[in-house]
Amino acid sequence: MRKKLFSLAIPALFIAAVMVSCKKDKPLTSESNEVTTTKDGSQYTLDTLNSKVEWKGYKVFKSENTSHFGNIKFESGDVTVKDGKLESGKFVADMNSLTSVDLKDSPEDMGKLNGHLKSGDFFEVEKFPTASFEITKVTPTTEGDYNTLLDGNLTIKGITKPVQFKANVSVKDGEVSVATEPKDVKREEFGVKFQAPAENGVIKDEVTLQISVKALEKK
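The structure presented is a predicted model; accordingly, all values stated were derived computationally and were not measured. (Residues numbered from 1 in each chain as written. Predicted model: local features only at pLDDT ≥ 70, side-chain atom pairs only at ≥ 80, totals over all residues. Heavy atoms only, no water.)

Let's talk about the overall build of the chain
Rules: By the criteria applied, helices consist of DSSP H or I runs no shorter than four residues and strands consist of E runs no shorter than two, each listed in order from the N terminus. Whether a residue is buried, partly exposed or exposed follows from its accessible area with a 1.4 Å probe, protein chains only, as a fraction of its type maximum: under 20%, in between, or over 50%, in that order. Contact between two residues is taken to exist if any of their heavy atoms lie within 4.5 Å; hydrogens are not considered. Here the open area of atoms and residues is found with the Shrake-Rupley method and a 1.4 Å probe, where only the protein chains shown may cover a residue.
Across its full length, the chain holds two helices and ten strands. Split into buried and exposed, the 219 residues of the chain put 47% on the buried side. Of the contacts formed within the chain by residues at least 6 apart in sequence, a portion of 68% connects residues at least 24 apart. A total of about 10800 Å² of accessible surface is found on the chain, and carbon and sulfur atoms cover 47% of it.

What follows is the structure, encoded as structure tokens:
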């Protein structure tokens, strides 16, 4: 059963891992983008009930049949809008909310997987209870299916790395919505290096993250 659990858990862990930040500890690395955004503008508060991170992890061959996926909730966040456009933002994810979705019909397996992902083998949520993404630059774009490039600093397990997301951003009627592209992130760069026994299949280094947030204007 333990081997089976590892097989279920690994991919998921890695994806979630990509979002772990630390409230208590300062980042272990300082490889990050310079923040060029400001707080100059109208302030918006993250709607945590309608915001989430979606994650997906894979074994060696990236396919729907060898993946696990789930969600992570946000505990807080804020957005600044200036002249009707997104100016800045920071989103803090609650790593204790990490859960798999593909195992929802098997509560026992889901509980074991979630517990393993939160353990010292993976995200160490006791030590690193949050993950965060801070926007450092906002660039409008007309290429492809997205209208904005978001440069930012992603912090997981006390490690901060620069990451760029393509996103669709909307500012309308006192609400800001941000929906990013699915983005592959290398989990090992954020200290998530656990590997299952070879017979259970090798887990890919890349995990896919997608951020969806809504923020409401402060009255």
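Let's pick the thread back up.
Some words on the layout of surface pockets
Convention followed: Cavity: a set of points on a 1 Å grid over the protein atoms alone where a 1.4 Å probe fits but cannot get out. Pocket: an open set with protein on both sides within 12 Å along at least five of seven lines, its lining residues, like those of a cavity, having an atom within 4 Å of a point. Grid points are joined across faces, edges and corners, and a volume is the space filled by probe spheres set on the points. All residues other than Ala, Val, Leu, Ile, Met, Phe, Trp, Tyr, Cys, Pro, Asp, Glu, Lys and Arg, Gly among them, are scored as polar; the first ten of these are nonpolar and the last four charged.
What the largest pocket holds in volume is close to 270 Å³. Lining of the largest pocket is provided by 15 residues; of these, Lys85, Leu86, Val138, Pro140 and Thr148 occupy positions nearest its centre. Looking at the lining of the largest pocket residue by residue, the class counts come to five nonpolar, five polar and five charged.

Digging into the side chain of Thr160
For the record, the criterion: Polar contact is the term for a pair of N or O atoms within 3.5 Å; when the atoms are in protein, one must be able to donate a hydrogen and the other to accept it, and sequence-neighboring residues count only if both atoms are side-chain atoms.
When you line up the elements, Thr160 lands in strand β7 (residues 159–172). Separated by 2.8 Å, the side chains of Thr160 and Thr155 make a polar contact.

Overview of the packing of aromatic side chains
So the rule is basically this: The rule is short: rings of Phe, Tyr and Trp, with Trp giving its six-membered ring, pair when the centres are within 6.5 Å, and they are stacked under 30 degrees, edge-to-face over 60, tilted in between.
If you walk through the whole model with that rule in mind, you get three aromatic pairs. Each ring, one from Phe122 and one from Phe123, has its centre 6.3 Å from the other, and the planes form 45 degrees; the classification is tilted. Taking relative accessible area as the criterion, Phe123 reaches 0% and is therefore assigned buried. Look at Phe133 and Phe165: their rings are 5.2 Å apart centre to centre, the planes differ by 90 degrees, and that puts the pair in the edge-to-face class. Of the two residues, Phe133 sits in strand β5 (residues 130–140) while Phe165 sits in strand β7, which places them 32 residues apart along the sequence. There is no split in this pair, since Phe133 and Phe165 are both buried.

Topic: the nonpolar core
Most often, soluble globular proteins keep nonpolar side chains buried together rather than apart. Defined as follows: Among the buried residues, those of types Ala, Val, Leu, Ile, Met, Phe, Trp, Tyr and Cys that are joined through side-chain atoms within 4.5 Å form a nonpolar core.
With 40 residues, the main nonpolar core has Phe74, Val79, Phe91, Phe123 and Leu154 as its most contacted residues. Phe91 has contacts with Leu46, Phe74, Ser76, Gly77, Asp78, Val79, Ala131, Ser132, Phe133, Ile135 and Val213, leaving out every residue within four places of it along the chain.

As for helix α2 (residues 107–117)
Our working definition: What the arc measures is the spread of directions leading from the helix axis to the C-beta atoms.
Asp109, Met110, Leu113, Asn114, His116 and Leu117 are the residues of α2 that are buried. Looking straight down α2, one finds its buried side chains confined to an arc of 165 degrees; they lie on one side. Turned more than 90 degrees away from the buried face of α2 sit Pro107 and Glu108, all of them exposed.

Section: the confidence of the model for the chain
As a reminder, the rule being used: A residue's pLDDT is the predictor's confidence in that residue, given on a scale from 0 to 100.
Across the chain, pLDDT averages 83, with 79% of residues at or above 70. Predicted confidence in the chain is weakest over helix α1 (residues 2–17), with a mean pLDDT of 44, and strongest over strand β8 (residues 175–180), with 98. For the stretch residues 1–27, pLDDT sits under 50, and the model shows 117 contacts to residues farther than four places along the chain or on other chains.

Concerning the pairing of strand β3 (residues 67–82)
This is how the line gets drawn: In this description, strands pair whenever DSSP reports at least two bridges between them.
Sheet analysis places strand β1 (residues 42–46) next to β3, joined by four bridges and oriented antiparallel. Bridging across to β3, Gln43 finds its partner in Thr80.

With respect to the pairing of strand β2 (residues 52–59)
Within β2, six of the eight residues are buried, which leaves the element mostly enclosed by the surrounding structure. In this structure, β2 lies alongside β3, joined through seven bridges in antiparallel fashion. Residue pairing for β3: Lys52 is matched across the bridge by Lys73.

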